[in-house]
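Spelled out from the first residue to the last, the chains are:
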Amino acid sequence: MPTHQPTYPHLFPARTARARTARTRTARARAARLIGLGLGLLLVAGCSPGPTPVPVPSPAPEVAAACADLVKALPAKVLDAERRETSPNSPLTAAYGDPPIEMTCGVSPPAGMAEAQSQCFEVNGVGWFAKQVQNGTIFTTIGRSLYFEVAVPDKYSPEANALTDVSDAVHKFDKLVTPCT
């Protein structure tokens with residue numbers, strides 16, 4: 001027959017109080033760790049920008065295929081800004097930093113570009129057409145087989161510095177047709 005030791009808390013109140021205090025401390029410590037973890041996750045989530053909306057063009061299939069290679073070859077950083085997700089996710093778009101520097105391949109030539117050959121300027125051997133917009137500058141490759149657009153917010157002034165980071169990918173995947181004059 002097993003012997004069972006009955007507990008008589010009323011006979012040992014100090015031992016029962018110590019046990020309750022230890023359990024309470026453990027529960028409080030566990031709750032504090034969970035709250036700290038939750039706040040830390042909220043802080044990180046609040047600091048991390050989510051996907052940035054970037055309109056996706058609808059180029060011809062051969063242009064889309066060439067653009068996908070160009071966008072894939074873009075660097076991990078532009079102007080020290082990390083690459084981030086775009087929405088919708090597309091092989092034709094990329095974004096960096098916050099506010100986002102947006103890149104889109106396979107766009108239509110912007111208005112005024114036909115006369116812009118004389119306004120073409122080069123950055124690392126790549127010709128660009130620049131168009132001032134309300135909150136920055138939109139640069140579009142000029143004299144190349146693909147139209148690749150880089151929208152740079154005013155925050156990154158001088159905005160043209162972003163073009164140096166993408167020129168290697170443009171050289172490799174966007175064939176030169178007509179050099180800047």
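Here, every reference points to the structure presented above.
The shown structure was predicted, so the numbers you read here are calculated from the model rather than taken from an experiment. (Residues numbered from 1 in each chain as written. Predicted model: local features only at pLDDT ≥ 70, side-chain atom pairs only at ≥ 80, totals over all residues. Heavy atoms only, no water.)

This brings us to the overall build of the protein chain. Scanning the protein chain from N- to C-terminus turns up three helices and ten strands. Mapped in sequence order, the helices and strands of the protein chain form the string α-β-α-β-β-β-β-β-β-β-β-β-α. Burial status across the protein chain gives 33% buried among its 181 residues. The contacts in the protein chain between residues at least 6 apart in sequence include a share of 57% that link residues at least 24 apart. When the accessible area of the protein chain is evaluated, it comes to approximately 11300 Å², of which 58% is carbon and sulfur surface. (Helix = DSSP H or I, 4+ residues; strand = E, 2+ residues; numbered from the N terminus. Buried < 20%, exposed > 50% of the residue type's maximum accessible area, 1.4 Å probe, protein only. Contact = heavy atoms within 4.5 Å. Areas by Shrake-Rupley, 256 points an atom, 1.4 Å probe, with all protein chains shown as cover.)

Moving on, we get to helix H3 (residues 162-173). Along its twelve residues, H3 runs 18 Å from first to last C-alpha, staying within 8% of the 16 Å computed at 1.5 Å per residue. Those residues of H3 lying buried are Ala-162, Leu-163, Val-166, Ser-167, Ala-169 and Val-170. (Expected span 1.5 Å × (residues − 1).)

Going through the model one piece at a time under the given rule, you end up with two aromatic pairs. Relative to Phe-139, the ring of Phe-121 has its centre 6.0 Å away and its plane inclined at 70°; by these criteria the two rings are edge-to-face. With a gap of 18 residues between them, Phe-121 in strand S7 (residues 121-123) and Phe-139 in strand S9 (residues 136-141) connect regions that are remote in the sequence. We classify Phe-121 as partly exposed; its relative accessible area is 26%. Judged by its relative accessible area of 3%, Phe-139 is buried. Aromatic pair Trp-128 and Phe-148: ring centres 6.4 Å apart, planes at 55°, arrangement tilted. Taken together, the residues span a long stretch of sequence, with Trp-128 in strand S8 (residues 126-133) and Phe-148 in strand S10 (residues 148-153) at a distance of 20 residues. (Phe/Tyr/Trp six-rings, centres within 6.5 Å; stacked < 30°, edge-to-face > 60°.)

Next up on the list: the pairing of S8. Consecutive side chains of a regular strand alternate in pointing toward one face of the sheet and then the other. The sheet contact formed by S7 and S8 spans three bridges and is antiparallel. When the sheet's bridge partners are listed, Phe-121 is paired in S8 with Trp-128. One ladder, built from six bridges, connects S8 with S9; its direction is antiparallel. Residue pairing for S9: Phe-129 is matched across the bridge by Thr-140. Following S8, the chain reverses through two residues before pairing antiparallel with S9. (Pairing = 2+ DSSP bridges.)

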